[in-house]
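Breakdown of the fold
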Amino acid sequence: MLVLGDAHADDPARRDALLAAYRETDPDAALQVGDLFHYDLPAPTWFVAGNNEDFDVIDALRRGDATLTDAGRPHLLASTVADVEGLRVGGLSGNFAPTQYGKSRADLAGDRRRHFVRAEVERAASLTDVDVFLAHQPPRGLLRVAGGRDPGVGAVDKLLRAVEPDLLLVGHNHRHAEATIEGVRVVSLAPTWEAYYTLDPGTLELERHDVERDATEP
């Protein structure tokens, strides 16, 4: 199973790096943690929306729009769970904004559609028997960024405690990091132009594969 961090594949060189990971692994399935921005993929892919997407496409995927039936379209995990290669994979789409968190999905417009709301976190927290959970942002205690700030968000902490997956995969910060938090193995994934990963569905062993630098150049 292919596992991918942020792609930002609206950029041609980064789109090439994304598609190269599929060519090199020829996966049966793929998981991706947001900021995808390219929705015609060569293998079945389950992903969560990040804060950089085509939100018209994301809204259509949320609705299950029948016009998006192309075989290359990925499957959006939006406080939902899916069976993927024998694993139960759940996900929370979006990122946190305190001014938007208490609203309903219907109240979000324009770029504000990038955020998740409280009702979506509560729905995700009710998911059961989840092996792997995908979120765009990390929980607290995983990373430190400029100035020593922890970029983790409490909503993801809540999901760790409620869902108790075996593995949580996150993106957003474009850095690889690993920790055990609330008894859960948590991995922040490097972006696709730096590395891709493979996951053994039987053991949940995750292996990183670094990308050749010239593969990401225009």
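Our subject is the structure listed above.
Okay, so let's go over this structure.

Rules used in this analysis
- Residues numbered from 1 in each chain as written.
- Predicted model: local features only at pLDDT ≥ 70, side-chain atom pairs only at ≥ 80, totals over all residues.
- Heavy atoms only, no water.
- Pairing = 2+ DSSP bridges.
- Helix = DSSP H or I, 4+ residues; strand = E, 2+ residues; numbered from the N terminus.
- Contact = heavy atoms within 4.5 Å.
- Axes fitted to C-alpha atoms, helices over the stretch in contact; angles between N-to-C directions.
- Phe/Tyr/Trp six-rings, centres within 6.5 Å; stacked < 30°, edge-to-face > 60°.
- Buried < 20%, exposed > 50% of the residue type's maximum accessible area, 1.4 Å probe, protein only.
- Lys NZ or Arg CZ within 6 Å of the ring centre and 35° of its normal.
- Salt bridge = Lys/Arg side-chain N within 4 Å of Asp/Glu carboxyl O.

Strand order in this open sheet of 6 strands is S4-S3-S2-S1-S11-S12, and the pairing throughout is mixed. In this open sheet, the two strands that pair with only one neighbour each are strand S4 (75-76) and strand S12 (206-210). Across the sheet, helix H1 (residues 12-25) lies against strand S1 (2-4), strand S2 (30-32), strand S3 (45-47) and strand S11 (195-199), angled at about 165° from S1, the strand it touches most.

Take the environment of proline 138 next. Of note, proline 138 is situated in the loop between strand S7 (132-135) and helix H4 (154-163). When the C-alpha positions of proline 138 and valine 153 are compared, they lie 6.5 Å apart, and in sequence the two are 15 residues distant. Non-local contacts of proline 138, meaning those with residues more than four positions away in its chain, are made with Leu143, Pro151, Gly152, Val153, Val156, Val170, Gly171 and Asn173.

The next subject is the packing of aromatic side chains. Evaluated as defined, the whole model comprises 4 aromatic pairs. A ring pair is formed by phenylalanine 96 and tyrosine 101, whose centres lie 5.4 Å apart and whose planes are at 70°; its orientation type is edge-to-face. Residue classification places phenylalanine 96 among the partly exposed positions, given a relative accessible area of 31%. Ring centres of phenylalanine 96 and phenylalanine 116 lie 6.2 Å apart, and the angle between their planes is 35°; this geometry places the pair in the tilted category. You can see phenylalanine 96 sitting in the loop between strand S6 (87-92) and helix H3 (118-125) and its partner phenylalanine 116 sitting in the loop between S6 and H3, a full 20 residues away along the chain. Cation over ring: arginine 14 sits above tryptophan 193, and NZ or CZ is 3.7 Å from the ring centre.

Attention now goes to the pattern of salt bridges. Under the defined criterion, the tally for this structure stands at 9 salt bridges. Between arginine 62 and glutamate 120 there is a salt bridge whose closest N-O contact spans 3.6 Å. Remark: glutamate 120 occurs in helix H3 and arginine 62 occurs in helix H2 (residues 55-63); sequence separation between them is 58 residues. A residue is classified by how much of its surface remains accessible, and arginine 62, at 27% relative accessible area, is partly exposed. Its salt-bridge partner being glutamate 182, residue arginine 161 comes within 3.7 Å of it at the nearest N-O pair. With arginine 161 in helix H4 and glutamate 182 in the loop between strand S9 (177-181) and strand S10 (184-188), the pair connects residues that are 21 residues apart, well separated along the chain. Overall, the relative accessible area of 46% leaves arginine 161 in the partly exposed class. Each of Asp56, Asp59 and Arg113 takes part in one network of salt bridges that share partners.

Another aspect to go through is the sheet that holds S6. Strand order in this open sheet of 6 strands is S5-S6-S7-S8-S10-S9, and the pairing throughout is mixed. Looking at which strands have only one partner, the edges of the open sheet turn out to be strand S5 (80-84) and S9. Neighbour to neighbour, the strand axes of the sheet diverge by 25° on average, direction disregarded. Where strand S8 (residues 167-170) meets S10, 4 bridges bridge the pair, whose relative direction is parallel. By the bridge assignment for S10, leucine 167 is matched with arginine 185.

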